[in-house]
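Listed below, chain by chain, are the residues.
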Amino acid sequence: MKDLSLMDKILFALRYKDSILHNVFLTIIFIVAGIFILFLFAYIFKRISHSSNFENSPKSRFKSLIPLTIAGFWMLVFPVGLFLLIEVNLTDASSAAALDQAIVYELDGNPVASMVVKVFSASETGSEGTSGSNYYKIQAIDLKKGTLIFDKKMKGSYSTYHDPKILGSLKDNLFIFHDGRILVIDKFSGKTVHSINSVGDSDEVSLLPEPEMCKFDNTTKSIVFKANNGLVYSLNMQDLGISEKKSIDIDKYFTKEKNTFTTKYLGKGMSIIKASEKGMFNIFLTDSDINNLKEGLEVSSSVENTERRYLYNGSLDNVMGLKKLTQEVFLLGGFLFNQVSNDKYFYDNIGIDPQNKNFKNYVNLSGRGESKALEPFKTEGSNLSLIVHKKSLDSGANTLLTAINLQEGKSTWSIDTGASEIHECYNIDKDHIMLFCQDGYNTMGQNFSTNFILYVSLKDGTCTGFDVKYSRSFKF
């Protein structure tokens, strides 16, 4: 993703935003500019229409306008210039990052993604640091066009402990847990139509503030939550009726929610996956790995000095039968995935006998990528597998994405995502995926944040992107 030019930043500063103070000053600037232009044209018209000195040439008549024009111009340029200077600096110091959770639906035949965005809006910056305010907003993006459908500030306070959680959607509404309440939001306008923070009319029985104590139940199309009286309730998503959910093991019911991973580093990939043939694998190996296996030595589990990887098909139990699928080198290469287990490792899932002489090698190889990823990302109806790898070994280097047909051992396309890390992958349809990407480190004071979204075509790798901070689209 390309950085914005100064002109792009100026145009962004001239937009209305969530800040009341910014909008007030911008309105004043527009009013002053309008008044100046009206007075200038009125004065010119008056001078032309009512000039009694017909002997004067047009040049001499307009010459008298120069001092007024210059004075008025500088009276306008100074406040506008000062406003733009302050706004550009404050915008540079501000940040916005999407939480890595989205709801995908259709609007006018196009796929739409709604997501919650965490915003830091700088109000002052200088040598002593930057101060400002934090808040959440919800955005909906037309993925095909890369345009913003709505951008609404969310009701409720900002929390450093509990981010909002998208629970699910039904018909025209999104359901989001935020600040101890369930928000019902129109998914086409972003308007909050209901806010539920208690059971019944009394505020005495309210929802617990922890998001993990509130979850979407797909089988009953309801939202189940625990209240401050220790009981569990169910919110019917159709009519918003609340009823007590009896005979439920609370600890067991919410255990999965409490242990769910919220952080994924998809750029690590999976170093080994099961192949279509029984007992065979697709494995990323280095030249040193091959030599060590031939000599009966253990392969290293370290990422260091194992960066230049080739893709092989076969089994570690038959080293001579390992087949190099392509001559391409994949720096820190691995298969894209989107599911991580809390308590299982890949080598547990594939059922390799711990007594197998190569068991430790399978463990070490899976540890070079995400060892708790159980299976690679696959799109229904597509034979393509997706490989994530690095452009270079430099810190924060861009992540490349390559589509490969494993049966043919042939890559069909490869793109530079512009992302240093990929945090989430969504299957949109058989021809498209959506990636949540990070273009640099330490955004909003942390190493994990989504700065932009990519809508990727699996046919040719063409991408439509959306910049979360500046609400702009781009293509490559």
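Use the structure listed above.
Residues numbered from 1 in each chain as written. Predicted model: local features only at pLDDT ≥ 70, side-chain atom pairs only at ≥ 80, totals over all residues. Heavy atoms only, no water.

1. A short note on the pattern of salt bridges
This structure, assessed with the given rule, holds eight salt bridges. Across the pair Asp151 and Lys137 runs a salt bridge whose closest N-O atoms are separated by 3.2 Å. Taken together, the residues Asp151 in strand E4 (residues 147-153) and Lys137 in strand E3 (residues 129-142) connect sequence positions 14 residues apart. Classification of Lys137 by relative accessible area gives buried; the value is 7%. Between Lys391 and Asp416 there is a salt bridge; the shortest N-O distance is 3.4 Å. Remark: Asp416 occurs in strand E21 (residues 410-416) and Lys391 occurs in the loop between strand E19 (384-390) and strand E20 (399-405); sequence separation between them is 25 residues. Exposure remark for Lys391: the relative accessible area of 53% places this residue in the exposed category. Where salt bridges share partners, they join Lys430, Asp431 and Lys459 into one cluster. (Salt bridge = Lys/Arg side-chain N within 4 Å of Asp/Glu carboxyl O. Helix = DSSP H or I, 4+ residues; strand = E, 2+ residues; numbered from the N terminus. Buried < 20%, exposed > 50% of the residue type's maximum accessible area, 1.4 Å probe, protein only.)

2. A short note on the pairing of strand E23 (residues 432-438)
Within E23, seven of the seven residues are buried, which leaves the element mostly enclosed by the surrounding structure. Covered by surrounding structure in E23 are His432, Met434, Phe436 and Gln438 together with Ile433, Leu435 and Cys437, the residues of both alternating faces. As paired strands, strand E22 (residues 421-429) and E23 are joined by seven bridges and run antiparallel to one another. Bridge pairing in E23 places Glu421 opposite Gln438. As paired elements, E23 and strand E24 (residues 452-457) share six bridges and run antiparallel to each other. By the bridge assignment for E24, Ile433 is matched with Val456. (Pairing = 2+ DSSP bridges.)

3. Topic: the environment of Leu170
Its location among the elements puts Leu170 in strand E5 (residues 165-170). On the accessibility criterion, Leu170 (17% relative accessible area) is buried. Distance from Leu170 to Met237, taken between C-alpha atoms, is 6.9 Å for residues 67 residues apart in sequence. Setting aside residues up to four positions removed in sequence, Leu170 forms contacts with Phe175, Lys221, Met237 and Gln238. (Contact = heavy atoms within 4.5 Å.)

4. Observations regarding the sheet that holds E21
Strand order in the open sheet made by the four strands is E18-E19-E20-E21, with antiparallel pairing throughout. The two strands at the open ends of the sheet, each matched to only one other strand, are strand E18 (334-335) and E21.

5. As for the sheet that holds strand E12 (residues 242-244)
The four strands lie next to each other as E9-E10-E11-E12, forming an open sheet whose pairing is antiparallel. On the outer flanks of this sheet lie strand E9 (214-217) and E12, each paired with one strand and no other. In this sheet, neighbouring strand axes are inclined to one another by 25 degrees on average, regardless of whether the strands run parallel or antiparallel. The pairing of E9 with strand E10 (residues 222-226) spans four bridges and is classified as antiparallel. Note on E10: the bridge partner recorded for Phe216 is Ile223. (Axes fitted to C-alpha atoms, helices over the stretch in contact; angles between N-to-C directions.)

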